[in-house]
Amino acid sequence: MNSSLDEQVTLHLAQRKRSLTRLLGLLKKDMDCRIVEKLQQKGYNNFKLGDLVVFINIQPEGIINNELARKARITKQAMSKVVRYLESEGYISTTKHSVDNRAILISLTDNGKKLLIAAFETFEEIQAEYTALIGDSDAAALRQVLGKLLFTLHPELA
């Protein structure tokens, strides 16, 4: 038995409860569960959490798959799979791009627009629930700190 190794493990285990990685991960899981539950309550039972990558990143005038995948930070192949599913469910439509014949323009259908609105209303509801728990001041500080961290690491997202 290596006591130095055991001591290091004990130290790390004692610190993990307040680890930023753990706290953010657990909060993300909580948000994900709340999003799915609320959207299901609103009648979106065929919605999958992974579908959010389209709704968070799509433009009103439409967007091509490569750009959508880049913004979502997933592979083009993964985005194509999400796009096929959402098209089969009637949330998006695809058409040939007017300028680039190789590209497909992805646009929201009326049902997709309704889901987008429901999703953003859900995000606001969850934000209000969290704000009620920690207060306006802490919620504003949390958004500021997380935004600073994110936009420092990924200025292209600002």
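For clarity, every value in this text was computed on a predicted model and none was experimentally measured.

Quick notes on the rules
Residues numbered from 1 in each chain as written. Predicted model: local features only at pLDDT ≥ 70, side-chain atom pairs only at ≥ 80, totals over all residues. Heavy atoms only, no water. Patch = residues over 30% accessible without salt bridge, like charges linked within 9 Å, V, L, I, M, F, W, Y side chains within 5 Å. Areas by Shrake-Rupley, 256 points an atom, 1.4 Å probe, with all protein chains shown as cover. Salt bridge = Lys/Arg side-chain N within 4 Å of Asp/Glu carboxyl O. Lys, Arg positive; Asp, Glu negative; His and termini not counted. Charge placed at Lys NZ, Arg CZ, Asp CG, Glu CD. Helix = DSSP H or I, 4+ residues; strand = E, 2+ residues; numbered from the N terminus. Buried < 20%, exposed > 50% of the residue type's maximum accessible area, 1.4 Å probe, protein only. UniProt positions renumbered as here; feature names shortened; annotations may be inferred. Axes fitted to C-alpha atoms, helices over the stretch in contact; angles between N-to-C directions. Parallel < 35°, antiparallel > 145°, perpendicular 65-115°, else oblique. Left-handed = near helix turned anticlockwise from the far one by under 90°. Contact = heavy atoms within 4.5 Å. Nonpolar A, V, L, I, M, F, W, Y, C, P; charged D, E, K, R; others polar. Core = buried A, V, L, I, M, F, W, Y, C linked by side-chain atoms within 4.5 Å. Phe/Tyr/Trp six-rings, centres within 6.5 Å; stacked < 30°, edge-to-face > 60°. Lys NZ or Arg CZ within 6 Å of the ring centre and 35° of its normal.

## Focus: a positive patch on the surface
- A surface patch of like charges, here positive, comprises Arg16, Lys17, Arg18 and Arg22.
- Within the secondary structure, Arg16 sits in the loop between α1 (3–15) and α2 (20–41).

## Things to note about the pattern of salt bridges
- Going through the model one piece at a time under the given rule, you end up with eight salt bridges.
- The closest approach of N and O atoms between Glu156 and Arg73, which form a salt bridge, is 3.9 Å. Of the two residues, Glu156 sits in the segment after α7 (136–153) while Arg73 sits in the loop between α4 (65–72) and α5 (76–88), which places them 83 residues apart along the sequence.
- Its relative accessible area of 52% is what places Glu156 among the exposed residues.
- Look at the salt bridges and you will find they share partners, linking Asp30, Arg34, Lys38, Lys42, Glu125 and Glu129 into a network.

## Observations concerning the UniProt feature "domain: HTH marR-type" (unreviewed entry) in the protein chain
- The sites that carry the UniProt feature "domain: HTH marR-type" (unreviewed entry) are, in the present numbering, residues 17–151.
- End C-alpha to end C-alpha, residues 17–151 measures 26 Å, and it is 67% helix and 9% strand.

## Details of the packing of α2 against helix α6 (residues 110–134)
- Orientation of α2 relative to α6, taken along the N-to-C sense of each, is 130°, at an axis distance of 10 Å. Of the possible angle classes, the one that applies to α2 and α6 is oblique. Crossing handedness for the pair α2 and α6: right-handed. Judged by residue contacts, Leu27, Asp30, Met31, Arg34, Ile35, Lys38 and Leu39 of α2 engage Leu115, Ala118, Ala119, Thr122, Phe123, Glu125, Ile126, Glu129 and Tyr130 from α6.
- Partitioning the contact of α2 with α6 into residue classes produces ten nonpolar, one polar and five charged.

## Re the environment of Val82
- In this structure, Val82 sits in helix α5.
- What makes Val82 buried here is its relative accessible area of 15%.
- Spatially, the C-alpha atoms of Val82 and Gly147 are 27 Å apart, while their sequence positions differ by 65 residues.

## Quick notes on the nonpolar core
- Grouped together as the largest cluster of nonpolar side chains are 25 residues, with contacts concentrated most on Val54 and Met79.
- Of all the elements in the fold, those that place two or more residues in this core are α2, α3 (52–57), α4, α5, β3 (104–108) and α6.
- Among the elements that line this core, the one with the most residues is α6, at five residues.
- Residues contacting Met79, with those up to four places away along its chain left out, are Val53, Val54, Asn65, Leu68, Ala69, Ala72 and Ile74.

## With respect to the packing of aromatic side chains
- Evaluated as defined, the whole model comprises three aromatic pairs.
- For the ring pair Tyr44 and Tyr91, a centre distance of 6.3 Å and an interplane angle of 50° mean the geometry is tilted. Of the two residues, Tyr44 sits in the loop between α2 and α3 while Tyr91 sits in the loop between α5 and β2 (92–96), which places them 47 residues apart along the sequence.
- Taking the centre distance of 6.4 Å and the plane angle of 80° together, the rings of Phe55 and Tyr91 count as edge-to-face. Taken together, the positions of Phe55 in helix α3 and Tyr91 in the loop between α5 and β2 put the pair 36 residues apart, joining distant regions of the chain.
- Judged by relative accessible area, Phe55 falls into the buried class, the value being 2%.
- In textbook terms, an aromatic cluster arises when at least three aromatic residues are bridged by ring pairs, as seen for Tyr44, Phe55 and Tyr91.
- For the cation-ring pair, Lys48 lies above Tyr85, with the distance from its terminal atom to the ring centre recorded as 3.8 Å.

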